[in-house]
Amino acid sequence: MRRSDARAGPRRDGTTTDGDGPATDPTCRVEADAGSALVRVTGVLDTAGARAVREALLLLLADRPGPVVADLSGLRVGDPAAVAVFPQVRRDVVDWPAAELLLCDPAGQVPGVPSWPTLGAALAALPGAPTAAVLSADLDPAVGSARWARQLVTDGCVHWGVPTLTEPCRIAVTELVNNVVAHARTPMTVRLAPRHRELHLAVRDRSPRLPSYAGVSPAHVMGGRGMLLVDTVARRWGSTPVPDGKVVWCVLHTEDEPF
C-alpha cells in the first residue's frame, strides 16, 4: 500500500474534536494499492491534508489507465474549503487519456464529482466509465522510441475508426516523445484513448521540467518548434506536474481539418 500523511490541526493530546463530539484521528491518510483502481482517504481533511490527497490521486491516475475510485467513507471534513481538492483533481485530468475520478461519498460531502453512496456501487460504475478503451506503451528515452510511439497511435486510429487523425496524432506523439528524449531523458509512458469524437494523447515522464511554447520561432532559429507542431495539430494541449514528474497531453478532434 502507498500512503501519504498530512497533519490536520491536532490538540495537545494528538487528537482533534468537533465541538463536544468525540476525538478523531488528526491525520489525513491516503492509501492506494498499486494494482487497484481504489484509493482510500481517511482521517480529517483540512487545507494541508488536501495537498497530500491531490498528489496521491494524480500519481495514481498518471500511473495506471482508467478511472479511479476514491473511498471517502472514512473521511471527516475539518475545513469545508478543502473538499475542493476532488473537483480540482478531476479538472486536472479531464483531458488525460483514460482518466476519470469517481467517489464513494456516503455523506455527500463533495459536489462536482460523480459519486455513489456505497463503495460497491462506485466500483460497479468503473466498467461503464467512458475511459475503458486505451493503448499504452512504456518507452526508454532513446532514438527509435518515437517510431514505436507512431506505430501505437497508428494502430489506435485504425482500431477506433478515426483514420483522419492518424497523421496529426503521429506528428503530435513524435514531438512529445522527442521532447522526453532530448530534455527529460527519463523513461516514459505513452497513452492514447478515444472519447466521443476525440483522441486523447499523453506522454508521462519523470522530469519536473515543463515544456515551453513561445509561439512561432524566427526562421533563422533552429529547433524549438516541437510544441508549435503540437499546437498546430491539436485542438488543445497542456502539461500537468505530478509529484515525480509530469504528464504532457493533447486532444485531437475529428472535425478539425487535417494537418
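Residues numbered from 1 in each chain as written. Predicted model: local features only at pLDDT ≥ 70, side-chain atom pairs only at ≥ 80, totals over all residues. Heavy atoms only, no water.

If you look the protein chain up in an unreviewed UniProt entry, it shows as Histidine kinase-like ATPase domain-containing protein from Micromonospora nigra.

Tallying secondary structure elements over the protein chain gives 6 helices and 12 strands in all. Partitioning the contacts of the protein chain with sequence separation of at least 6, the portion at a separation of at least 24 is 64%. Counting every atom, the protein chain has about 12400 Å² of accessible surface; 54% of that belongs to carbon and sulfur. (Helix = DSSP H or I, 4+ residues; strand = E, 2+ residues; numbered from the N terminus. Contact = heavy atoms within 4.5 Å. Areas by Shrake-Rupley, 256 points an atom, 1.4 Å probe, with all protein chains shown as cover.)

Quick look at empty space enclosed by the protein now. One way to see where empty space is left: roll a probe the size of a water molecule over the atoms. All chains considered together, the criterion is met by 2 cavities of 30 Å³ or more. Empty space within the largest cavity amounts to approximately 80 Å³. Considering the residues around the largest cavity, the lining is formed by Leu61, Ala62, Trp96, Pro97, Thr189, Arg191, Ala202, Val203, Arg204 and Val247. Looking at the lining of the largest cavity, the elements that each hand over two or more residues are α1 (47–63), β9 (188–195) and β10 (198–205). The element contributing the most residues to the lining of the largest cavity is β10, with 3 residues. (1 Å grid on protein atoms, 1.4 Å probe; cavity = no way out; pocket = protein on both sides within 12 Å on 5 of 7 lines; lining within 4 Å. Points joined across faces, edges and corners; volume = space filled by probe spheres on them.)

What follows deals with the packing of aromatic side chains. What the rule picks out here adds up to 0 aromatic pairs. Directly above the aromatic system of tryptophan 148 lies the positively charged group of arginine 147, at a separation of 5.1 Å from the ring centroid. (Phe/Tyr/Trp six-rings, centres within 6.5 Å; stacked < 30°, edge-to-face > 60°. Lys NZ or Arg CZ within 6 Å of the ring centre and 35° of its normal.)

Before going further, it helps to examine the packing of α1 against helix α2 (residues 85–93). With their axes 10 Å apart at the nearest point, α1 and α2 run at an angle of 30° to one another. The angle between α1 and α2 places the two elements in the roughly parallel class. Between α1 and α2 lies a crossing whose hand is right-handed. Only Val85, Phe86, Gln88, Val89, Asp92 and Val93 of α2 make contact with α1, whose side of the interface consists of Ala50, Val53, Arg54, Leu57, Leu58 and Leu61. Counted by class, the contact of α1 with α2 contains 9 nonpolar, 1 polar and 2 charged residues. (Axes fitted to C-alpha atoms, helices over the stretch in contact; angles between N-to-C directions. Parallel < 35°, antiparallel > 145°, perpendicular 65-115°, else oblique. Left-handed = near helix turned anticlockwise from the far one by under 90°. Nonpolar A, V, L, I, M, F, W, Y, C, P; charged D, E, K, R; others polar.)

Glancing now at the sheet that holds strand β8 (residues 135–139). Spatially, the 5 strands line up as an open sheet ordered β8-β9-β10-β12-β11, and their pairing is antiparallel. Here the strands that pair on one side only, and so sit at the sheet edges, are β8 and β11 (236–242). Pairs of neighbouring strands in the sheet enclose a mean axial angle of 15°, with direction left out of account. In terms of strand pairing, β8 meets β9 through 5 bridges, oriented antiparallel. Along β9, the bridge assignment pairs leucine 135 with leucine 192. Its contacts with the sheet put helix α4 (residues 145–159) on β8, β9 and β10, and the angle it makes with β8 is roughly 175°. (Pairing = 2+ DSSP bridges.)

Among the 6 residues of strand β2 (residues 27–32), 5 are classified as buried, and the element is accordingly described as predominantly covered. Linkage of β2 to strand β3 (residues 38–45), two consecutive antiparallel strands, is achieved through a turn of 5 residues. (Buried < 20%, exposed > 50% of the residue type's maximum accessible area, 1.4 Å probe, protein only.)

Turning to the nonpolar core, a few remarks are in order. The tendency in soluble globular proteins is for nonpolar side chains to be buried as a group. Residues Leu45, Val53, Phe86 and Trp96 are the most contacted members of the largest nonpolar core, which totals 35 residues. For this core, the secondary-structure elements that each account for two or more residues are β2, β3, α1, β4 (68–71), α2, β6 (101–104) and β12 (245–253). It is α1 that contributes the most residues to this core, 8 residues altogether. Both domains that furnish three or more residues to this core are identified here as domain 1 (29–130) and domain 2 (134–253). Dropping the residues within four chain positions of it, tryptophan 96 is found in contact with Leu58, Leu61, Ala62, Arg195, His200, Thr240, Val242, Val247 and Trp249. By size, the runner-up hydrophobic cluster in this structure holds 29 residues, among which are Val153, Cys169, Val230 and Val233. (Core = buried A, V, L, I, M, F, W, Y, C linked by side-chain atoms within 4.5 Å. Domains from an automatic or database assignment.)

On the secondary structure map, threonine 174 appears in helix α5 (residues 166–184). A polar contact is formed between the side chain of threonine 174 and the backbone oxygen of arginine 170, at a distance of 2.7 Å. When sequence neighbours within four positions are dropped, the list of residues in contact with threonine 174 reads Ala146 and Arg150. (Polar contact = N/O pair within 3.5 Å; in protein donor to acceptor, adjacent residues only side chain to side chain.)

Next up on the list: the pattern of salt bridges. Under the defined criterion, the tally for this structure stands at 13 salt bridges. Where glutamate 55 meets arginine 51, a salt bridge forms, and the shortest distance between an N and an O atom there is 3.5 Å. Residue glutamate 55 and its partner arginine 51 are both found in helix α1; the two are separated by 4 residues, about one turn of the helix. The class for arginine 51 is exposed, based on a relative accessible area of 61%. Residue arginine 170 pairs with glutamate 167 through a salt bridge whose shortest N-O separation is 3.9 Å. Note that arginine 170 and glutamate 167 are positioned in helix α5 at a spacing of 3 residues, about one turn of the helix. Judged by its relative accessible area of 27%, arginine 170 is partly exposed. The partly exposed category is assigned to glutamate 167, whose relative accessible area is 45%. Members of the salt-bridge network, linked through shared partners, are Asp63, Arg204, Arg206 and Asp244. (Salt bridge = Lys/Arg side-chain N within 4 Å of Asp/Glu carboxyl O.)

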